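Here is what each chain is made of, one letter per residue.
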Amino acid sequence: MEKLNLAIIGQGRSGRDIHGKFLKSENNTMFNVVAVVERDPQRRERALEEYPGCEVFESYTELYGRQDIDLVTNASYSREHFQVTKDLIEHGFNVIVEKPFARNFYECDTLIRLAKEKNVKLAVFQQTFFAPYYVKAKEIAESGILGEIKQIDVSFSNFARRWDWQTAQVTMGGNVYNTGPHPIGIALGLLDFDKNFKVEFSKLDRVLNSGDSDDYAKIILSAPGKPVVDVEINSNDAFPAATVKILGSRGSYSSNTGSWQLKYIVDGENPERELVLDSLKDENGYPIYCSESLNWHVDEGKLTGDAFNVGTMGFYEMMYNAITKNAEMSVKPEHAAMIISVIEQAHAQNPLPVKF
């Protein structure tokens, strides 16, 4: 396999500890890191050691004119994603941009149109779509084993405080911009990215963080003929629920990132009961509660890998094939734009006071 040349913009938690971690690993047989862009001089020096043979730059504009770079990973600050990606596309680069894609749908659509005009590949790093727990949930939802799906719950919650730039509106922080693209993406994915989806309800609030952005988020989505999807991204939940729960007419599925369980009934094994309008009573005439013992089927299993290893590798494989074989990308920028549309609507419905 011939390796492609890649440049990384940013050596923060995402650029170094997610993208860089994979690109430096033995699992990466697809890309050579030939350039690293980072404002911080200490991080630039470290990059020279961690990516042997690479060049380092203070500004991404220093990449302009390079003909030897096949792909640029844009892991800049969230508020910079749109402008940096736009500049790179205009200069002919294929780009992976970290989530969130951009601030609003208009910016996303601008980048999608520009990439098509310039004939370059554009992808948004929504690697959760390759994570085993999403793949399994999607498989179960589409299998029919649960009957008609009525509700899906997606929760990325915990109890934690933050006081960094991710808690300020001015830096495009908050739970829905930072963490939200993952659970909202799962929600839309399980709705088959129906273009007729609606944000039926949303509530954003600030509870624990030191900034002025949201760290409590409740978003309910629907689509014609599809289940209701309940999304929670809360930082005040000391008893977090399952990551994904699917409720159907014949049973339920529940999973976290490492394991799953399934409990369901099979048609024909539990004969339908006739409606009784009189009070129920036992053979002695005493009142009884309406209950029965159903014939259940139960299954469970473990999930190997998560969004940060299996997911990252799957995403980069997709991008490699898109560049070398012109293969269709399964994680489309149009889907990422739909995710931003949900976030945009939630913010519009819940404007929080700007304090910083």
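See the structure shown above.
Residues numbered from 1 in each chain as written. Predicted model: local features only at pLDDT ≥ 70, side-chain atom pairs only at ≥ 80, totals over all residues. Heavy atoms only, no water.

The next thing to look at is the overall build of the protein chain. The number of helices and strands found in the protein chain is 9 helices and 14 strands. Principal-axis analysis of the C-alpha atoms places the extent of the protein chain at approximately 90 × 50 × 35 Å. Out of the 356 residues belonging to the protein chain, those deemed buried represent 49%. Within the protein chain, contacts between residues at least 6 apart in sequence are counted, and of these 72% link residues at least 24 apart. Surface accessibility of the protein chain: about 18000 Å² in total, with carbon and sulfur atoms responsible for 48%. Looking at the protein chain, you have 38 positive and 50 negative side-chain charges, and the mean spots of the two groups are 3 Å apart. (Helix = DSSP H or I, 4+ residues; strand = E, 2+ residues; numbered from the N terminus. Buried < 20%, exposed > 50% of the residue type's maximum accessible area, 1.4 Å probe, protein only. Contact = heavy atoms within 4.5 Å. Areas by Shrake-Rupley, 256 points an atom, 1.4 Å probe, with all protein chains shown as cover. Lys, Arg positive; Asp, Glu negative; His and termini not counted. Charge placed at Lys NZ, Arg CZ, Asp CG, Glu CD.)

On to the sheet that holds strand β13 (residues 259–264). Taken in spatial order, the 8 strands of this open sheet run β8-β9-β10-β7-β11-β12-β13-β14, and their pairing is mixed. The open sheet has two edge strands with one neighbour each: β8 (198–205) and β14 (297–302). For this sheet the average axis-to-axis angle between neighbouring strands, irrespective of direction, equals 10°. In this structure, strand β7 (residues 149–155) lies alongside strand β10 (residues 228–232), joined through 5 bridges in parallel fashion. Counterpart to D153 in the pairing with β10 is D230. Packed on one face of the sheet, helix α5 (residues 132–143) meets β7, β11 (244–248), β12 (251–255) and β13 and runs near 175° to β12. Lying on the sheet, helix α9 (residues 333–349) is in contact with β8 and β9 (216–222); it crosses β8 at an angle near 60°. (Pairing = 2+ DSSP bridges. Axes fitted to C-alpha atoms, helices over the stretch in contact; angles between N-to-C directions.)

What follows concerns the packing of aromatic side chains. Under the definition given, this model contains 11 aromatic pairs. Residues F31 and Y320 carry aromatic rings whose centres are separated by 5.9 Å and whose planes lie at 90° to one another, so their mutual orientation is edge-to-face. Of the two residues, F31 sits in strand β2 (residues 31–37) while Y320 sits in helix α8 (residues 307–325), which places them 289 residues apart along the sequence. Since its relative accessible area comes to 2%, F31 is described here as buried. Here Y320 falls in the buried class, since its relative accessible area comes to 7%. For the ring pair F130 and F315, a centre distance of 6.3 Å and an interplane angle of 90° mean the geometry is edge-to-face. Within this pair, whereas F130 is found in the loop between β6 (122–125) and α5, its partner F315 is found in helix α8, the two being separated by 185 residues in sequence. Here a set of aromatic residues connected by ring pairs shows up, and it is made of F22, F31, F125, F130, F315, Y316 and Y320. (Phe/Tyr/Trp six-rings, centres within 6.5 Å; stacked < 30°, edge-to-face > 60°.)

This part takes up the nonpolar core. Counting residues in each nonpolar core, the largest one holds 98 residues, and the members touching the most others are F101, L221 and Y316. The element best represented in this core is α9, accounting for 8 residues. Ignoring anything within four residues of it in the chain, the contact list for L221 reads A187, L188, L191, F197, K198, V199, E200, P227, V228, V229 and V342. (Core = buried A, V, L, I, M, F, W, Y, C linked by side-chain atoms within 4.5 Å.)

All right, on to the pattern of salt bridges then. Counted under the stated rule, the structure contains 21 salt bridges. Of the charged contacts in the structure, one is a salt bridge between R273 and E292, with a shortest N-O distance of 3.3 Å. Residue R273 is found in the loop between β13 and β14, and its partner E292 is found in the loop between β13 and β14; the two are separated by 19 residues along the sequence. Note on R273: relative accessible area 60%, which makes it exposed. Sharing partners across several salt bridges, the network here consists of K138, E142, D192, D194 and K226. (Salt bridge = Lys/Arg side-chain N within 4 Å of Asp/Glu carboxyl O.)

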